[in-house]
Amino acid sequence: MGLFKIVPAVALALAAASGFAQDLPPGPIRLLVGFAPGGGNDVIARTVATQFQLNTKEVMVVENKPGGGSTVATAEMARARPNGSVLLLGSVGGQAIAPSIYSKLPYDPVKGVQAVSLVAKSANALVVNSELPVKNVQELVAYAKAHPGTLNVTSPGNGTISHLSAELFKSMAGVFITHIPYRGDAPAMQDVMAGQAQMTFASLPSAKAGADSGKVRILAVTSSKRVETMPNIPTIAESGVPGYEVLSWYGVFTTGGTPMPTVNRLAQEIAAVIAQPAIRESISKMGMEPAALGPVDFTQLVNSDSQKWDKVVKTVGIKLD
């Protein structure tokens, strides 16, 4: 495993013991977000930036650069001077999926981007309209096979993690379900709640809110293990689709070519941020698991997910340009 797979309780002690021989990048440090204010990436970025400043007394400015599924922000970071002064709060969609669905990127997704640290990860949930006569994944698969082409699955848009979660499910379960892309999470869930569509792969907070309303039913979570906050909800893998696993994640990246001592220092500081109880509680309330994972292991995660989703994208034939 990599050097910075840090147990949260000892992260601060490890950081302090290191002596921080490497200086932080010249400030102010810019933390780019590839989406508009208010979304998951933005909230995580501002949470990290606030604690980073408290810990280090260095200025970290969050800048929203929406467009192209985070490719606009990633391109700006990739063009920056490789000294760690420009960071990106990236996610599985922007960093592991986008290189497969965009045929021409304005940056090199391998050489132009350096993983620094994972910040949080999360399962999603498979939910169905409460009127659909299925109580579990096995019954959903049986229903889909008995009624081919009659089920619709919504997503926040083509190429999103929700969309690809559905395509992976369809492939592994051997069912035909029609995908309907929407412009955002809210409308994708609203039509399932209203019965205009039958299912979706939603974030845990969205899924729980829908289930609490009584309009949707949560059948399973997409992780390989059950979620601590929802112990009674099985995984898709244990519900008749063995091997199925999808995790969303958020993490910090910087410009490719940044010296590794600088990258490591930044990773240590991010680990120190994630070790703070208040930050962990804040991330947990968003339905995610706080997780500090440094450059080596985080790079492996990004590469593994990139390969996984590239296969799905090629099988389905998704292209957004």
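Right above here is the structure, for reference.
Please read all numbers here as calculations on a predicted model, not as lab measurements.

Caption draft 1: Geometry of helix 5 (residues 137-146). The complete set of buried residues in helix 5 reads Val137, Leu140, Val141 and Ala144. Mapping the buried residues of helix 5 onto a view down its axis gives an arc of 95 degrees, with all of them on the same face. The N-cap residue of helix 5 is Asn136: its side-chain oxygen and the backbone nitrogen of Gln138 are 3.2 Å apart.

Caption draft 2: Representation of the sheet that holds strand 4 (residues 113-122) within the structure. Judged by pairing direction, the sheet is mixed, and its six strands sit side by side in the order 2-1-3-10-4-11 without closing on themselves. A single partner strand is all that each edge strand has here, and the edge strands are strand 2 (60-64) and strand 11 (289-293). Across the sheet, the mean angle from the axis of one strand to that of its neighbour is 25 degrees, orientation sign disregarded. Taken together, the three bridges between strand 4 and strand 11 define a ladder with antiparallel strand orientation. Pairing of Lys121 across the sheet is with Glu289, part of strand 11.

Caption draft 3: Molecular detail of helix 2 (residues 40-56). Given a rise of 1.5 Å per residue, 17 residues ought to cover 24 Å, and the 24 Å separating the end C-alpha atoms of helix 2 matches this to within 8%. Positive phi appears at Lys57, one or two residues downstream of helix 2, with a value of about 65 degrees.

Caption draft 4: Fine view of the pattern of salt bridges. Per the counting criterion, the structure on display carries eleven salt bridges. Linking Arg46 and Asp42 is a salt bridge whose minimum nitrogen-to-oxygen distance equals 2.9 Å. Taken together, the residues Arg46 and Asp42, both in helix 2 and four residues apart, mark about one turn of the helix. We classify Asp42 as buried; its relative accessible area is 5%. One salt bridge connects Arg265 with Glu269, and the closest N-O pair in it is separated by 2.9 Å. On the criterion of helical spacing, the pair formed by Arg265 and Glu269 is a turn pair, its members being four residues apart in helix 9 (residues 260-275). The same class applies to Arg265 as to Glu269, namely buried. In the salt-bridge network here, residues are joined through shared partners; they are Arg30, Glu63, Lys65 and Glu76.

Caption draft 5: Quick look at the sheet that holds strand 7 (residues 178-181). Taken together, the five strands give an open sheet; going across it, the order is 7-6-8-5-9, and neighbouring strands pair in mixed fashion. Whereas interior strands pair on both sides, the edge strands pair on one side only; in this sheet they are strand 7 and strand 9 (216-221). In this sheet, neighbouring strand axes are inclined to one another by 30 degrees on average, regardless of whether the strands run parallel or antiparallel. Two elements, strand 6 (residues 152-155) and strand 8 (residues 199-203), share two bridges in a ladder whose sense is parallel. Each bridged residue has a counterpart across the sheet, and for Val153 the counterpart in strand 8 is Met199. Seen against the sheet, helix 6 (residues 161-173) touches strand 5 (124-129), strand 6, strand 7 and strand 8 and runs at an angle of roughly 130 degrees to strand 8.

Caption draft 6: Structural view of the packing of helix 9 against helix 10 (residues 277-285). Relative to each other, helix 9 and helix 10 sit at 75 degrees, their axes nearing to 5 Å. Viewed along their axes, helix 9 and helix 10 adopt a mutual orientation that is roughly perpendicular. Residue-level inspection shows Val273, Ile274 and Ala275 of helix 9 in contact with helix 10, the latter providing Pro277, Ile279, Arg280 and Ile283. Of the residues belonging to the contact of helix 9 with helix 10, the class tally is six nonpolar, no polar and one charged.

What counts, and where the lines are drawn
- Residues numbered from 1 in each chain as written.
- Predicted model: local features only at pLDDT ≥ 70, side-chain atom pairs only at ≥ 80, totals over all residues.
- Heavy atoms only, no water.
- Buried < 20%, exposed > 50% of the residue type's maximum accessible area, 1.4 Å probe, protein only.
- Helix = DSSP H or I, 4+ residues; strand = E, 2+ residues; numbered from the N terminus.
- Arc of directions from axis to C-beta.
- Polar contact = N/O pair within 3.5 Å; in protein donor to acceptor, adjacent residues only side chain to side chain.
- Pairing = 2+ DSSP bridges.
- Axes fitted to C-alpha atoms, helices over the stretch in contact; angles between N-to-C directions.
- Expected span 1.5 Å × (residues − 1).
- Salt bridge = Lys/Arg side-chain N within 4 Å of Asp/Glu carboxyl O.
- Contact = heavy atoms within 4.5 Å.
- Parallel < 35°, antiparallel > 145°, perpendicular 65-115°, else oblique.
- Nonpolar A, V, L, I, M, F, W, Y, C, P; charged D, E, K, R; others polar.

Keep in mind these values describe shape, not function.
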